[in-house]
Structures are given as C-alpha cells and as structure tokens.
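# Coordinates in review
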Amino acid sequence: MDTSGHGGDGGTAVTVDVDRSDPGHRAWLKEAVRKVQADANRSADTHLLRFPLPEAWGIDLYLKDESTHPTGSLKHRLARSLFLYGLCNGWIHRDKPVIEASSGSTAVSEAYFAKLIGVPFIAVMPRTTSPEKCRLIEFHGGTCHFVDDPRTMYQRSAELAAETGGHFMDQFTYAERATDWRGNNNIAESIYQQLRLERYPEPAWIVATAGTGGTSATIARYVHYMQYDTRICVPDPENSCFFDGWTRHDPLATSDRGSRIEGIGRPRMEPSFVPGAIDRMMKVPDAASVAAVRALDRAIGRKAGGSTGTGLWSAFTLVAEMLATGTTGSVVSLLCDPGDRYLDKYYSDDWLARQGLDIAPHTATIGTFLETGGWPR
C-alpha cells in the first residue's frame, strides 16, 4: 500500500511502503491452488441416472449421482469451491487449521482438501453425527469436535479459529458466493449438458434440498442466467426453518430442534439460502424421506442418504402433478451421498422405532404412485 503526503510547509513528499507479501507463503499459496484445481481437472463428471417410470407417462425422472465424487457426496463440489475462495482471499494459511461447522458430509470433503494442501482440519459437529461420517473425517486427517447443542456450532467454530489462529470456513455464509453460478462446469451446467440428447433436454423441474442453500442458489441462478423455463423446488425436512422462513418471508425464522435428515435442514435462515431465486418449497415428513430412499434402493439397487429421499419424495410429487395435468417433460433430483454412511439410521428399523417414525403409510403411497401415477391430495 502506498500513501503519499507532505511533511510541513514546503516539505518533501514521503512515501510509506508496507509490503505484507511473504515469498514463502506466496509459493505455498500457488501450490495449494494448483492442487485444488488439479483435483477438479482429474475428476470425471458425475452420472445422471434414470429412475424407472412407465414410458407411457411421457415423463422422465433423473438423479444426479453426486456420490461418485472422490469424497462421496455433493459436498465435494462445495468444499473445492470454498477452499479456492478461502485461498484466493488470503484467509487460509499454511500450518494454520481450517475449521468448519458441519453435520458430516461437508466436513468429510473439507478434511480431504485440507489434507491435500497440508493444513490441519477441525470439524465442529453435533454429537449425534453418524459414526461413519466421523470415521471418514478422521480417515482424511481431520479432527472431530463435538457439541451437544447444534445451535452452538457456529459460535464454537469461531472460537476455535480465534484460539488457533486458523480460518473458520463458514459454509453457511459463503456457499452461495464461492461457487461460480454462471457456469464453469458447475452442477447446473453439468445437468443441462447431460440432458442434451434426452427427449426432454430442458427439465420442467430441478429439485435441490438445502443445507447451506448453496446448491439451490447455484442451480436457480444458472437457470435464470441462461433464460431457461425450468423451475426450482426446494424440499425441507422436519425441524428445519427454511420452509417457514420462505413462506412467511421471514429472514429471522428459527427452529428449536435439529434435523434428523443429516446434511439438510437448518435451525436458522442461513446466509447462503437465497429464497427469492427459487420457485417452490415443500415440507417433507422425515418418515417419507426414509420411505423414498428405501424405494430408490428397490428400484435401482442404490442406497443413498436421507437427503436424497427428501428430494425424491418431492420429485415423485411433481411427477404426479404433471401426470394429473397431462404435462410431459423431465424432472431432475439429486443423489447426494451414499447410503452406507447411514446403515445404522435410515436403513435400521430399530432407529426408526427409537425415533417414532412409521414409514409404512409413505411406502404404500410410493407403491401406489409407481403403479398408477396417483398421489394423495
């Protein structure tokens, strides 16, 4: 930074030069950015799977399979973007930890990138996070820091950053701005590229569940930017405030309980959730999410996490509405992460019983829908 002034009457100009650049840090920074970009360069795009529906319906249902990323979830894209954002902003420094408030999948992916560039990683998470996610975080070199009240995750993360001199990544604030929503092979552009040769290349609906809200914001902004007619639906699980905040136009909406569907649903309206960009929201019972994810396993032989079930239930609803109005087209939802992380939860009847969740009525609804196209009103 150069500042010039005059010292006294007739004094000569004085230049004060402050140079904060550190050649060692700049070399490390260049190498860190290269490594993160190289990860994207060697990663193939994720598949777009078809969910089997009767051909005569004239409606195609797809799932964007984000479980095939190196860290096994949709959050791999987000973590890569957040690391590039933090590095290029000068927030992430060598030998200093990156801290994140996360219920699991984001932390798994961020632990991977922290290890890739050689910095410590600490995940601040609810004590109820699945053991498999904790194992994966530690496998990638991260440390798990548990809190009993999910609402304290943000504060504790900021405290740890201050105590260690590290960087609180804060996915819930920066998710929507760290991703290039205009394209650059983001998830939205990828979906449209993969649909080019399908019979309905411009989907009627894209369904995106919300944790940070970054994915729904990226997809919705891209749709508007490209002037598509596709509409964006965001389903919300129980114990989440997004639906209430969206319907009431209340940015201060809160929930006093944590979501049972890991990775989505929040106790506050997160800064990265962009309500004005999306077209519709649905409130989905947790039992319906579990029923849907089990139906997915029966239909295509793929287990997935509960957030995938939340989106799939909403996709079924949209397909049924299109059928009822004689509308043809395509619907796209997301397969967010693999089900092997949740075998002790969404695939466990004992866990369902402990949670008081009865999936039988929802399973019956899905069965009737897949046979007849009918949906309860």
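Residues numbered from 1 in each chain as written. Predicted model: local features only at pLDDT ≥ 70, side-chain atom pairs only at ≥ 80, totals over all residues. Heavy atoms only, no water.

### With respect to the sheet that holds strand S8 (residues 167–168)
Judged by pairing direction, the sheet is parallel, and its 4 strands sit side by side in the order S7-S6-S5-S8 without closing on themselves. Each edge of the open sheet is held by one strand with a lone partner, namely strand S7 (143–147) and S8. Of the pairings in the sheet, the one linking strand S6 (residues 121–126) to S7 comprises 5 bridges and is parallel in character. Across the sheet, residue Pro 126 finds its bridge partner in S7, namely Val 147. Relative to S7, helix H4 (residues 131–139) is tilted by about 140 degrees, and along the sheet it contacts S6 and S7. (Pairing = 2+ DSSP bridges. Helix = DSSP H or I, 4+ residues; strand = E, 2+ residues; numbered from the N terminus. Contact = heavy atoms within 4.5 Å. Axes fitted to C-alpha atoms, helices over the stretch in contact; angles between N-to-C directions.)

### Side note on unusual backbone geometry
Trans is the common state for peptide bonds, and a negative phi is the common state for residues other than glycine. The phi dihedral of Gln 227 is positive, around 65 degrees, even though this residue is not glycine. In this structure, Asn 239 takes a positive phi of about 60 degrees despite not being glycine. Mapped onto the elements of the fold, Asn 239 is located in the loop between strand S10 (231–236) and helix H9 (242–248).

### Some remarks on the packing of helix H3 (residues 105–117) against H4
Remark: H3 packs on H4, axes separated minimally by 8 Å, with the N-to-C direction vectors making an angle of 10 degrees. Judged on the interaxial angle alone, H4 and H3 are roughly parallel. Listed contacts from H4 to Ser 105, Ala 107, Val 108, Ala 111 and Lys 115 of H3 are Lys 133, Leu 136, Ile 137 and Phe 139. Classifying every residue of the contact of H3 with H4 by side-chain character gives 6 nonpolar, 1 polar and 2 charged. (Parallel < 35°, antiparallel > 145°, perpendicular 65-115°, else oblique. Nonpolar A, V, L, I, M, F, W, Y, C, P; charged D, E, K, R; others polar.)

### A word on the side chain of Thr 308
Relative to the assigned elements, Thr 308 resides in helix H11 (residues 306–324). If sequence neighbours within four positions are ignored, Thr 308 has contacts with Leu 63, Leu 296, Leu 334, Leu 335, Cys 336 and Asp 337.

### Comments concerning the pairing of strand S4 (residues 59–65)
Among the 7 residues that make up S4, 7 are buried, leaving the element largely enclosed by the rest of the structure. Side chains Ile 59, Leu 61, Leu 63 and Asp 65 of S4 all project onto a buried face; the interleaved residues Asp 60, Tyr 62 and Lys 64 project onto the opposite face, where all are buried too. Relative to S4, strand S3 (residues 48–51) is paired through 4 bridges, and the arrangement is antiparallel. Bridge pairing links Leu 49 to Leu 63 in S4. The pairing of S4 with strand S12 (residues 329–335) spans 7 bridges and is parallel. Looking at S12, one finds that Leu 61 is bridged to Val 331. (Buried < 20%, exposed > 50% of the residue type's maximum accessible area, 1.4 Å probe, protein only.)

### Considerations on the sheet that holds S12
The mixed open sheet is built from 6 strands, whose spatial order is S3-S4-S12-S9-S10-S11. Sheet topology places S3 and strand S11 (280–283) at the edges, where each strand pairs with a single neighbour. Across this sheet, the average inter-strand angle for adjacent strands is 25 degrees, counted without regard to direction. Against the sheet, helix H10 (residues 286–300) contacts S3, S4 and S12, and its axis sits at roughly 90 degrees relative to S3.

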